[in-house]
Each structure stands twice: as C-alpha cells, then as structure tokens.
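Residue-level listing of the chains:
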Amino acid sequence: MAPLQVYYSGLLFTPQSSVIRRGYFNIPWVTTEPKVANVWSPLVQTLEGHTSGVDSAVFSPDGRLVASTSGETIRLWDTSTGKPRGVLEGHNSWVNSAVFSPDGRLVASASYDETVRIWDTSTGKQCAVLEGHTDSVLSAVFSPNGKLVVSASRDKTVRLWDTSTGKQCGVLEGHTSIVYSAVFSPNGNLVASASDDKTVRLWDTSTGKQCGALEGHTSDVKSAVFSPNGKLVASASDDKTVRLWDTSTGKQCGVLEGHTSDVRSAVFSPDGKLVASASADKTVRLWDTSTGNQCGVLRGHTSAVESAVFSPNGKLVASVSYDKTIRLWDTSTGKQCGVLEGHTSIVKSAVFSPDGKLVASASDDKTVRLWDTSTGNQCGVLRGHTSDVKSAVFSPNGKLVASASYDKTVRLWDTSIGKQCGVLEGHTDWVRSAVFSPDGTLVASASFDNRIRLWDASTGKQCGVLEGHTRWVNSAVFSPNGNLVASASDDKTVRLWDTSTGKQCGALEGHTSDVKSAVFSPNGKLVASASTDQTVRLWDISTGKQCGVLEGHTNWVDSVAFSPDGKLVASTSWDRTVRLWDTTKKTTIEIIETPNTIKAMKFSNDGTHLHTSHGILQLKSPPCGGGNRELAPTLTHSLYVIDQWITCNMKKLLWLPVDYRLSCAAVNDTGNLLAIGTATGRVFFISIDFTALPAAYSQPSVDVAVTTGRGVLGLVDFHELIHWLVYLGAS
C-alpha cells in the first residue's frame, strides 16, 4: 500500500517490550506517541474484506485455508498470508455457515434461501444444491467419512443428505422450535442438535431415532459439539453459559460461567483439553475441560462474536464477528490479552478542553474518561452513569464536564478531582446532548422525551422545562449572549426559547423532515438548521421567518456551522460532502468530497479550516473578513483520518492497525495533535512536528475540484488523475 508509511506504523504500534521497537524506533516527526501494550496480544492476524457482519469461519483440514460466511457469499483465505483465495457466490439469501469436507476438496454452505450448497474449493464452482427444507437452513456439516451432510433448520428439523447423489436420506424430527445447529460424533454414529427449545438432542444416524435429550439450559441453545473422543458434548446458550454433557449418560458434568452476554458457539480443541466459546459480549473465552476453569479471554472484536473454531493443530483460534472481521489468535498466549487501560466499549465522542490540556471521552461502557494530552495518560474515570454515555462537553472555563446518557440523566463532573458534582435528573427518556451556556452558568439538555431542560451548573438544580416539541429533540444550543436556546427536533421544527422565562418565542417551520441540528450565527441574528430533507435553512431571529433554503446535498444533512465572521455556513451530510454556502447570496461556493461521513465540525478561529470528527479540512474559500487570526494563525498542514490512514494534507502518513481504527476524533486548535477514540475502547494521541516531516508533506496535494453550486469532480491528487487519464486513453 505504502511501504515506508507502513514501516513507521509497524514501529509506532509495536509493543513496548518488543526487541524491534527497542532496537529500531526512531520517528523524529512523531512528538506524542500512542500508548501501546507492553507485550504482544494473542491476536496474530485480522482478515478484512467482508462488507457485512461475519457469521462463521472454519479451518480446512490441513489448516491452510479458512472459509468465512457473510451476506450471500463465502470467502476463502490463505492462513499463512491472510490473502483472499476465492469468493463462492450462488446463494440468493444470507449464508449462515460453511464447512469443509474431511478431505478439504468441498465446502458445504447453509443459507436462508432454504438450501445447502456444495462447492469445489479448487475451482470455486457450485457442484450440488440440496433442497428439501421448508425454512432457512442455519448450519450444515459433513460426516467424518464425507459421505453425508447433516443440516439444521428453522423448520424444526434436522436432515441427512447423501453427498454423492445430493438426495435427502433422513429427516430427524422431535424439536419443538428452531434448530440452530447439528453435528456428527467423531465416529459418525450420532448427531447432536441444538435448539431454541432449550435442549440438545442426540440422534442415531443409522435409524434416525432420538436417543437422548440433554436438558438444563434456561434459554435457547445456539450450538452443540462433540469432544474429539465423542464422550462429551459442549453446548452454548443464550443463558450466558457453556455446559458439558456426558454422552453415555446424558447427564450434565460441567457449567462454564463467565460470559456477560449470550454465548453463540462453543468448540473443543483437537486434543479435547480446551473449549473456546464465542459470545455477544465481544469476547472469545478459553476453558479447561478437566476443571471447568477459564484460562484465557481473547478481546479485540468490536461487536458480537458469532463463532470460534480451533485450527487442526490447536495452535490458533479463528473468531468471526459482526465487526466484519475474522481474527486469528495464538492459544498459547491467550492469557496475555494486550488490552490497554481505557474504555471497554466503543468511544462515541471525544472533545478537547478549552486550554487543550485535557480530552474527555464518552463511551457505551457507561463512563467518561479524562486524558492528559501532554502524556496520553488517563487521568480520571468518571463513573456513575448506568447506561451508554453519548456525549461529553467541557464548560467554557474547563472546570466542569457535562455528560449526556441513555440513563435519562446529565451528570456534572469536576475535572480537577475527577469527581461527580451533580446529577441532573428529570428527563423521562434518553438524553441526546448537553451544552453549557456561553458564561458557563447554565446547562441545556435535549432528550427523546420531547423536552429541553435548563439546569443551574453551580447547584445542579433544574431551572426550566422547555415544552412544545411533539417529537424527539435532537440538539439544543445557546445564542452567543445566552439569552436564547434553539432546539432541533424530529417534529420538523426549530424552536426558540427565552432562557430567563423558559417561554417559547418562535417556531421556525419549513423543513419537510427531521431537523438534526441548529446553530446561531456569531452575531446572534440568524439560525442555520440541518435536516434529513437534505437542506440547510437560514432563519431571521427577529422575525422568525425563513430567509434562505440551501439546496444541493443528496442525502441527510447532519450538522451546520457558521464561520467566525458569519459570512459562510458549512454543512455536513451523509452524501459524504461538506458544502460551504454564502449566507448573503445563498449559493454553494465550495464542495469538499470526504471519504467519511462527518458527524460534527466547527470552523477554526481564523476561519480557514474546519475542525471535524475526522480531523482538519482545509478550505479554498475562507471568509473575506479572515476571522480572528490572532487567536489561531493560518494552518499550513492538516491531519485527517481516512479509513485506515492518518493523512497529512490528504497524503498517507501513518497506517492504523485494526484495533486503532477511528470511531471518533478531535484535533487541537493548532492542528498538530489528534485524539482518536476507537471501537475497541482505546483513546490515544498522536502529535506531529510538521517541520521534521519529509519534504513530500510540506505542501498540500494539488486538488482538482469543480466548486460551482451544481456539481463536483471531487478532491483528486493531480498525479493520480494523470495516471487514470493515461490508463483510460490506453484502454
């Protein structure tokens, strides 16, 4: 991709104790390094390529391939290189699982299209379609000799198929609800099936008769699997446990407890000494089958883990998740999770304090955390919320943080001691956002209960309930003088409120769909609003009249911001563009195509850049007045995160390993320090000394863009454009 940049990234994200890091680390232009683990994680590879959640993965018998399922496709991967080896396409609905035949020449896949399909792994061609189920097929597996396939279905049956003819040769009936999985015993004489009816059932494959019902789970059983010697069955359930059963007696002989959410699957290691379980709690756990003790937790996935499986030699575990990845783990180092101190769930927002010395991060793990930007160290964990925290914001003087949560509260925190100093209770539904007034004396909170509430920041007392909206309130913002609040709602309106009386003093109507955000102009005379009707609208505060409709976005508009002199409005949209509008002429003057959907932004103090949730965007059309250049000199470089890359002036600078990928970001006023929050819960910092960068980064890329109000060619590197023109000419 970019060898030099990847080399620097390899050094930067290598564990502290690594011999490579100690011997070769030298990146003179990185002045603040991300905190990294002391030792290597058990994660050895991440296979990326699926465009949707991954449901299952399985090793080939020789361990050289992995087959994974996602959407309507099965993908084959080379385990030594991580490279894709083929895509098996043919199902016309979601594929739930895939498995290799004992000789590795075939793959069987089970799908919501009610079929099992057989594929040739060498050619990728479909060679049989097994039809007969009357509802979705959730799993299929070969018998040990490869002559049979057993399939489990939502139609409550298990079916046996002859692989040589593709004909059905048995229907195993008895379950009273969905059958999630079925598997052969090592000698092929038994089948174990797991069901929504809370049982595992054992079947004689020669007669099709039920020969055991394993009862004890208190919720749906998602999977069951035999031990290598056939003496045990392990079952995974929504009751958060894995249970071990003696197949000769049908008695329960172990309960493996530790997961904090549904267990989706369980599997024995080849020697039968371990069980690996995959859970909706985003972890894979390893268990000692002789003692029932947990002996490893594999953390890293950012969404539910659907399944896990051992490699044939037992040295690796492959896990798959709705985070779209397959991860390979070293079972010998499973105890060394390599997890850094930080959040334990996705980071939803990060914001710098006014003096730039702190960052506050809000997470679905119910906490707000404070970070010292000079060291990158965590300096406070603000605990108290009982549900996801969606946003956090500093007071103007930086002494307080207000956090908004789905637990229906806003909480105030003293940043100097990291203690809670107020719980603002009163909302009857999720709180979407909270914001301080310009003088820091008030907090306004917006909620799904259709109300905005005003709070005294010093006492935590409620001092106003602003009622009038008929649907969810998405955001609230104070006017520059603090006398008004503007609120944006799914009822298609923006409403204005007098903060001294709590009375509504204007309803700004005109949008034809939900209004996501609103903001005052610097002089307080205008409001700009962003809506899912794909427009930005301007409103005159003195009259309440609409004074402009800014059209051009082709998808929802999420946020708006005025330039420091009020002459421009910037808007961000799900169409992956940022548009600049002239507030006088009501026309588009610049369109910036972005690789990401930007959720939030603000102008720099000098008006020449946008600080966004992915970094800094340079503007070609700064406001004529120039803003306040004394507060922030014009930036000559811009750090911005694009997918897997931190870029400088839109040129690739540092590659981000999978566990360091952005979920949200913030950038300081001088533009050289990035705070990145990740889906894995990490918050880390990278600052760059632009003067020490190679010369290639010293000037912005030459961009080609059409900046009229009607179209855009997009931001394209000039050399890349020439390359494609030559290519097209040759074609």
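Residues numbered from 1 in each chain as written. Predicted model: local features only at pLDDT ≥ 70, side-chain atom pairs only at ≥ 80, totals over all residues. Heavy atoms only, no water.

Focus on the overall build of the protein
Here comes step 1: Along the protein, the regular secondary structure elements total three helices and 62 strands.
Here comes step 2: In summary, the protein has a C-alpha radius of gyration of 29 Å against a globular reference of 27 Å for 731 residues, a match within 12%.
Here comes step 3: Overall, the protein is about 85 × 60 × 50 Å in size when its C-alpha atoms are taken along their principal axes.
Here comes step 4: Buried residues in the protein amount to 57% of all 731 residues.
Here comes step 5: In the protein, of all internal contacts separated by at least 6 residues, the share reaching a separation of at least 24 is 43%.
Here comes step 6: Here the protein displays about 30,000 Å² of accessible surface, and carbon together with sulfur accounts for 49% of that area.
Here comes step 7: If you average the places of the 68 positive and of the 69 negative side-chain charges in the protein, the two averages end up 1 Å apart. (Helix = DSSP H or I, 4+ residues; strand = E, 2+ residues; numbered from the N terminus. Rg over C-alpha atoms; globule rule 2.2 N^0.38 Å. Buried < 20%, exposed > 50% of the residue type's maximum accessible area, 1.4 Å probe, protein only. Contact = heavy atoms within 4.5 Å. Areas by Shrake-Rupley, 256 points an atom, 1.4 Å probe, with all protein chains shown as cover. Lys, Arg positive; Asp, Glu negative; His and termini not counted. Charge placed at Lys NZ, Arg CZ, Asp CG, Glu CD.)

Examining the nonpolar core
Here comes step 1: I74, F100, V116, V149, V150, V158 and V191 are the most contacted members of the largest nonpolar core, which totals 33 residues.
Here comes step 2: In this structure, V116 is in contact with A108, S109, A128, V129, L130, V137, A140, V149 and S151, ignoring residues within four places of it in sequence.
Here comes step 3: Counting residues in hydrophobic clusters, the runner-up holds 28 residues, among them L11, V36, V667 and F690. (Core = buried A, V, L, I, M, F, W, Y, C linked by side-chain atoms within 4.5 Å.)

A closer look at the sheet that holds strand β27 (residues 305–310)
Here comes step 1: Spatially, the four strands line up as an open sheet ordered β2-β29-β28-β27, and their pairing is antiparallel. The open sheet has two free edges, formed respectively by β2 (43–48) and β27, since each of these has just one partner strand. Within this sheet the neighbouring strands show an average axis-to-axis angle of 20 degrees, counted without direction.
Here comes step 2: Relative to strand β28 (residues 316–321), β27 runs antiparallel, the two sharing five bridges. Note on β28: the bridge partner recorded for A308 is S319. (Pairing = 2+ DSSP bridges. Axes fitted to C-alpha atoms, helices over the stretch in contact; angles between N-to-C directions.)

Re the packing of aromatic side chains
Here comes step 1: All told, the structure shown has nine aromatic pairs when counted by the stated rule.
Here comes step 2: For the pair Y660 and F684, a centre-to-centre distance of 5.3 Å together with 80 degrees between the ring planes defines the contact as edge-to-face. Taken together, the positions of Y660 in the loop between β59 (651–655) and β60 (662–667) and F684 in strand β62 (residues 683–688) put the pair 24 residues apart, joining distant regions of the chain.
Here comes step 3: With relative accessibility at 2%, the residue F684 sits in the buried group.
Here comes step 4: A cation sits over an aromatic face here: R21 above F25, 4.6 Å from the ring centre. (Phe/Tyr/Trp six-rings, centres within 6.5 Å; stacked < 30°, edge-to-face > 60°. Lys NZ or Arg CZ within 6 Å of the ring centre and 35° of its normal.)

Points about a nonpolar patch on the surface
Here comes step 1: Together, L4, Y7, I20 and Y24 line one region of the surface with nonpolar side chains, adding up to about 450 Å² of accessible area.
Here comes step 2: Listing elements by their share of the nonpolar patch, those giving two or more residues are α1 (3–12) and α2 (19–24).
Here comes step 3: Of note, I20 is situated in helix α2.
Here comes step 4: When its relative accessible area of 45% is taken as the criterion, I20 is described as partly exposed. (Patch = residues over 30% accessible without salt bridge, like charges linked within 9 Å, V, L, I, M, F, W, Y side chains within 5 Å. Salt bridge = Lys/Arg side-chain N within 4 Å of Asp/Glu carboxyl O.)

Comments concerning the pattern of salt bridges
Here comes step 1: Per the stated rule, a full pass over the model turns up 22 salt bridges.
Here comes step 2: With a closest N to O distance of 3.4 Å, R117 and D113 form a salt bridge.
Here comes step 3: What makes D113 buried here is its relative accessible area of 14%.
Here comes step 4: A salt bridge links R285 to D281; its shortest N-O distance comes to 3.6 Å.

Describing the sheet that holds strand β50 (residues 557–562)
Here comes step 1: Across the sheet, four strands lie side by side as β50-β51-β52-β53; this open sheet has antiparallel pairing. Where the open sheet ends on each side, the last strands, each with one partner, are β50 and β53 (587–593). Neighbour-to-neighbour, the strand axes of the sheet open up by a mean angle of 20 degrees, direction not taken into account.
Here comes step 2: By the bridge criterion, six bridges tie strand β52 (residues 577–582) to β53 in an arrangement that is antiparallel.

A short note on α1
Here comes step 1: Those residues of α1 that sit buried are Q5, Y8, S9, L11 and L12. Projection of α1 onto a plane perpendicular to its axis shows the buried side chains occupying an angular sector of 160 degrees, all on one side.
Here comes step 2: Here the buried face of α1 lies against α2, β1 (30–32), β58 (645–648), β59 and β62. (Arc of directions from axis to C-beta.)

Examining the environment of S111
Here comes step 1: For S111, the location among the structural elements is in strand β8 (residues 106–111).
Here comes step 2: The buried category is assigned to S111, whose relative accessible area is 0%.
Here comes step 3: Residues contacting S111, with those up to four places away along its chain left out, are H91, S93, W94, V95, N96, S136 and V137.

Brief notes about the environment of V54
Here comes step 1: Of note, V54 is situated in strand β3 (residues 54–59).
Here comes step 2: Here the alpha-carbon distance between V54 and A530, two residues 476 residues apart in the chain, equals 35 Å.

Considering the confidence of the model for the protein
Here comes step 1: Averaged over every residue, the pLDDT of the protein is 89; residues scoring 70 or more account for 92%.
Here comes step 2: Averaged pLDDT values for the elements of the protein fall to 41 in helix α3 (residues 718–730) and rise to 97 in strand β48 (residues 535–540).
Here comes step 3: Low pLDDT (under 50) marks residues 624–633, which in the prediction has 18 contacts with non-local residues, meaning those over four places away or in another chain.
Here comes step 4: Below pLDDT 50 for its whole length, residues 701–731 participates in 37 contacts with residues either more than four positions away or in separate chains. (pLDDT = per-residue confidence, 0-100.)

A word on unusual backbone geometry
Here comes step 1: Phi is positive for K198, which is not a glycine, with a value near 75 degrees.
Here comes step 2: Positive phi outside glycine occurs at N649, with the angle close to 55 degrees.
Here comes step 3: Checked against the element boundaries, N649 lands in the loop between β58 and β59.

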